[in-house]
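Given next are the chains, with one letter for each unit.
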2 protein chains.
Amino acid sequence: MSLTESSPVEAARIASESSRQLATLSGSSRNEALDLMYAALTKHKDLILEANARDIKAATKAAENGDLSLSILKRLDLARPGKYEDMLKGILDVRDLADPVGKVSLATLLDDDLLLQRVACPIGVLLIIFEARPEVIVNIAALSIKSGNAAILKGGKESTESFVTISNVIAEAIAKSQVPNASIQLVKTRDAILPLLAQDKYIDLVIPRGSNDLVRHVKDNTKIPVLGHADGICSIYLHSDADQSMATKVIIDSKTGYPAACNAVETLLVDQNALSVQLPGIAEALLAKGVTLRCDDLSKQALQDKLTAAQSALLQDATEADYDTEFLDLTLAVKTISSTPGEATVDAAIAHINTHSSKHTDVILTSSKAIADRFLAGVDSAGVYWNASTRFADGMRYGFGTEVGISTNKIHSRGPVGLEGLTIYKYIIRGNGHAAGDYFEGEGGKRWKHQKLSI
Amino acid sequence: MSLTESSPVEAARIASESSRQLATLSGSSRNEALDLMYAALTKHKDLILEANARDIKAATKAAENGDLSLSILKRLDLARPGKYEDMLKGILDVRDLADPVGKVSLATLLDDDLLLQRVACPIGVLLIIFEARPEVIVNIAALSIKSGNAAILKGGKESTESFVTISNVIAEAIAKSQVPNASIQLVKTRDAILPLLAQDKYIDLVIPRGSNDLVRHVKDNTKIPVLGHADGICSIYLHSDADQSMATKVIIDSKTGYPAACNAVETLLVDQNALSVQLPGIAEALLAKGVTLRCDDLSKQALQDKLTAAQSALLQDATEADYDTEFLDLTLAVKTISSTPGEATVDAAIAHINTHSSKHTDVILTSSKAIADRFLAGVDSAGVYWNASTRFADGMRYGFGTEVGISTNKIHSRGPVGLEGLTIYKYIIRGNGHAAGDYFEGEGGKRWKHQKLSI
């Protein structure tokens, strides 16, 4: 890993060059680099924690002056029990994942001695922009090397001392491997971001990991494809036939498991026929957990009829904007779904979600398979669940072993993105002097075999 | 198909709405719409050819005035023998392709009664901008409906009469099917393109089908992902150990099969050790086919030593710009590849290609498997071939049954794009009231099964 003091264009060009060499390395060569990284970071723990302590000291001062939030300060700290070890273990976890490069996903014998294969390969150069957490740089470097991609990294300024020290340690380790040094470059100045976002000639994918604002800023300032999500406005639709205790369990988990996560539920859509049946019990459970409910008129009325005066006093009125808001805390917008004549209620719920959700993860709670299937087909989101918590939207929970991010894009990768999302494919043909002009209908023309081979 | 006279924003919004309904239709419902389209276009052939004749009449006048090229005029003509029938047959060919929607590409039992599946689904709304050929609108409408995507179409103005009549016929046909009318919308005015390119909220993918200029204009003016390629600068690297007759055959096919195609070769890279061995015979064959050779000094010298004076007189001098040029005619740039000390010649060829090619299709001619493998791994292009013509880069030749276009993108779809490229996937979870918070290490925590199921 080199500390890039060269111009952003030059950094991108060198990364592109390195990426070509990196792409030809075997899986074992890439894994060897990860082993060396692991060993070096283990050896230099003290050095890195000293650098981290300097970041913490500066950040503490900034926090005391009110210039930095306490949550950022907390995330900076690599010395918290278990954190450094988790970071190290993450490298070995990535190393042990199946190699995403080289997988053959299509093989067709076009004709005798003319074989077409579609083979997974690295995308090329990633630009990864992330916030203060210093362990992220290790995770990203590991993911990039494992997937054979070069990466340019820009981290939050509060972690600069940690990043620089970690970078130097990683650079020293990589230098002993076959991975080219410029495969992983750290960019220190914020000024470099906009020029880097303009390097669509050299950079193939931008991955912003951080706040909505960061993601939006990146998306608004580049022509390079961006993998990620700005918002996580997830909804749960409660159908009238849902089992109440099942529904309560799923909603409580979706809202209170980790309210600041992008896969937490933000909007509860309630079938009008569930307003006075299932909703009151669910609302009671949510209020007991400290959740603020922002209700439309119908749901508020229904709840006031069933809840105690003390409970009812906690209910708030929803505004239209609440149904487009990612609260990221213990607040839930509640909206009644009434169908128009001839319309199924589930269709009205689907229409709401397709208009207001961020295409992240949406859930239906129902005991009817037919209603569920309609919802699963009709909702245009990366994740559509039946009777399960929105919080399952996560690469580790999906069994991917790691998560590069969660994408709400409509192409390439959608939902939790594993290592596979950092690859594309190339078509390889191996022939024997074959000419395309020899294949035509009629006399003298060769015929295609187009024989699918097992892979 | 409706003729959009509404605002571009409104057209895009309606398309998005329709796309949701279209996405839930079964394969047989989508195929039924294709059958109805086929029947209606068969029935109204005379009406459509009359409209086409009006386009031809106007275009002929424009061509006489020098305002339109003869090649455009020729492409306009739907009445040429077999053309209308080919267009009709294309609908049935698309209908008979395997349904790309609903295919399950991953199934994991996360836990008992908690099933995760990754299921192919339509992308949503396509914006397809193409040039004058009137049969393209039928092909695109068929591909969109088959893949469950809504489409907004903008064709070249020279075909307006044909497009409008074809649209009306298709609209009448689709109205009898379950496919929503607004799934396919035709936009008539050129003014609508820029506002449509701004509708990234509603439009998910832009597919420009036409000239480099069109593709560049689209790429420069939208944040929506663009599927396609601006240039097709394909190269062939002739290694010193290549069999001469094999090499000649592949190069002749690659250059002369259809010089205006994006998969025609534009640059021949010649190992310095092949200059006086294989190159002269290859050059003779190319010159005999009327190919103009633009040579660097070394290759020109080598050829002059071996060719007749008359042949040598035909050789032109290459400029640096020739190695970045898509000639689209019978011109071939020739460049000698000399390696620096310690560098393998094939690596110098790879470096040239990764810098100058448009990442479309590049070929190595060699009898060495080791050299070929190095080339296939090192060249970062959608297609990398060993001893086969660049002209194989084509969806029909790959056995995809159809081709949406050829992509030089680094994400989503690369190379010839079949129907699959018009789909993405969603993750579906079917549970039974599962909460993510129940899964954790330690006492009382549930354990993940993460059992891969066969698909």
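Residues numbered from 1 in each chain as written. Chains lettered and ligands numbered in written order. Predicted model: local features only at pLDDT ≥ 70, side-chain atom pairs only at ≥ 80, totals over all residues. Heavy atoms only, no water.

**Brief notes about the packing of aromatic side chains**
Phase 1 of the analysis: If you walk through the whole model with that rule in mind, you get 17 aromatic pairs over all chains.
Phase 2 of the analysis: Aromatic pair F130 of chain A and F163 of chain A: ring centres 5.4 Å apart, planes at 80 degrees, arrangement edge-to-face. Of this pair, F130 of chain A sits in strand β4 (residues 125-130) while F163 of chain A sits in helix α7 (residues 160-175), and the two are 33 residues apart along the sequence. F163 of chain A matches F130 of chain A in its accessibility class, with the two residues each being buried.
Phase 3 of the analysis: Both rings, one in Y398 of chain B and one in F400 of chain B, keep their centres 5.7 Å apart while their planes meet at 85 degrees; by these two values the pair is edge-to-face.
Phase 4 of the analysis: The exposure class of F400 of chain B is buried, given its relative accessible area of 17%.
Phase 5 of the analysis: Note that R118 of chain A overlies the ring of Y425 of chain A, its terminal NZ or CZ placed 5.0 Å from the centroid.
Phase 6 of the analysis: When the ring centre of Y323 of chain B is taken as origin, the NZ or CZ atom of K335 of chain B, which lies over that ring, is 5.0 Å away. (Phe/Tyr/Trp six-rings, centres within 6.5 Å; stacked < 30°, edge-to-face > 60°. Helix = DSSP H or I, 4+ residues; strand = E, 2+ residues; numbered from the N terminus. Buried < 20%, exposed > 50% of the residue type's maximum accessible area, 1.4 Å probe, protein only. Lys NZ or Arg CZ within 6 Å of the ring centre and 35° of its normal.)

**Brief notes about the state of the cysteines**
Phase 1 of the analysis: Taken as a whole and assessed by the stated rule, the structure comprises 0 disulfides over all chains.
Phase 2 of the analysis: C295 of chain A takes part in no disulfide bond, and the closest cysteine sulfur, belonging to C234 of chain A, lies 19 Å away.
Phase 3 of the analysis: The thiol of C121 of chain B is unpaired, and the distance to the nearest cysteine sulfur, on C234 of chain A, comes to 17 Å. (Disulfide = S-S within 2.5 Å.)

**Points about the interface of chain B and chain A**
Phase 1 of the analysis: On the chain A side, the residues contacting the 73 residues of chain B number 73 residues.
Phase 2 of the analysis: Among the residues chain B hides against chain A, the three largest losses belong to F392, I411 and Y427 of chain B. Together they make up 12% of the total.
Phase 3 of the analysis: Our count for the contact surface shared by chain B and chain A stands at 10 salt bridges.
Phase 4 of the analysis: Between K410 of chain B and D204 of chain A there is a salt bridge; the shortest N-O distance is 3.4 Å. (Contact = heavy atoms within 4.5 Å. Buried area = accessible area lost by both parts, 1.4 Å probe. Salt bridge = Lys/Arg side-chain N within 4 Å of Asp/Glu carboxyl O.)

**Focus on the side chain of S358 of chain A**
All names here are of chain A.
Phase 1 of the analysis: Along the chain, S358 turns up in the loop between α14 (345-356) and β13 (361-365).
Phase 2 of the analysis: Polar side-chain contacts of S358 include one of 3.2 Å to the backbone oxygen of D231.
Phase 3 of the analysis: Separated by 2.7 Å, the side chain of S358 and the backbone nitrogen of I233 make a polar contact. (Polar contact = N/O pair within 3.5 Å; in protein donor to acceptor, adjacent residues only side chain to side chain.)

**Focus: the relation of the copies chain B and chain A**
Phase 1 of the analysis: At an RMSD of 0.0 Å, chain B and chain A line up after a rotation of 180 degrees and a shift of 0.0 Å along the axis. Here the copies are linked by what is in effect a two-fold axis. For chain B, the minimum C-alpha distance to the rotation axis belongs to H412 of chain B and amounts to 1.9 Å.
Phase 2 of the analysis: Counting the interface residues of chain B, we find that 100% of their copies in chain A are interface residues as well, pointing to one common contact surface. (Least-squares fit on C-alpha atoms with pLDDT ≥ 70 in both.)

**A closer look at the domain arrangement of chain A**
Phase 1 of the analysis: Split into domains, chain A comes out as domain 1 (2-220) and domain 2 (234-392).
Phase 2 of the analysis: Inter-centroid distance (C-alpha atoms) of domain 1 of chain A to domain 2 of chain A is 38 Å. (Domains from an automatic or database assignment.)

**Digging into the sheet that holds strand β10 (residues 292-295) of chain B**
Phase 1 of the analysis: If you trace the 11 strands from one edge of the open sheet to the other, you get β18(A)-β2(A)-β3(A)-β17(A)-β14(B)-β13(B)-β8(B)-β9(B)-β12(B)-β10(B)-β11(B), paired in mixed fashion. Taken across any chain shown, the strands that pair with only one partner, and hence form the sheet edges, are β18 (451-452) of chain A together with β11 (316-317) of chain B.
Phase 2 of the analysis: Bridge count between strand β17 (residues 423-434) of chain A and strand β14 (residues 383-388) of chain B: 5 bridges; the pairing is parallel. Residue pairing in the sheet places H434 of chain A in a bridge with A388 of chain B of β14 of chain B. (Pairing = 2+ DSSP bridges.)

**Some words on the sheet that holds β13 of chain A**
Phase 1 of the analysis: Read across the sheet, 11 strands follow the order β11(A)-β10(A)-β12(A)-β9(A)-β8(A)-β13(A)-β14(A)-β17(B)-β3(B)-β2(B)-β18(B) without closing on themselves; strand pairing throughout is mixed. For this open sheet the edge positions go to β11 (316-317) of chain A together with β18 (451-452) of chain B, each flanked by a neighbour on one side alone.
Phase 2 of the analysis: In the sheet, strand β9 (residues 265-271) of chain A pairs with strand β12 (residues 331-337) of chain A via 5 bridges, with the strands oriented parallel. Each bridged residue has a counterpart across the sheet, and for L269 of chain A the counterpart in β12 of chain A is K335 of chain A.
Phase 3 of the analysis: Lying on the sheet, helix α11 (residues 279-288) of chain A is in contact with β8 (234-238), β9, β10 (292-295) and β12 of chain A; it crosses β10 of chain A at an angle near 140 degrees. (Axes fitted to C-alpha atoms, helices over the stretch in contact; angles between N-to-C directions.)

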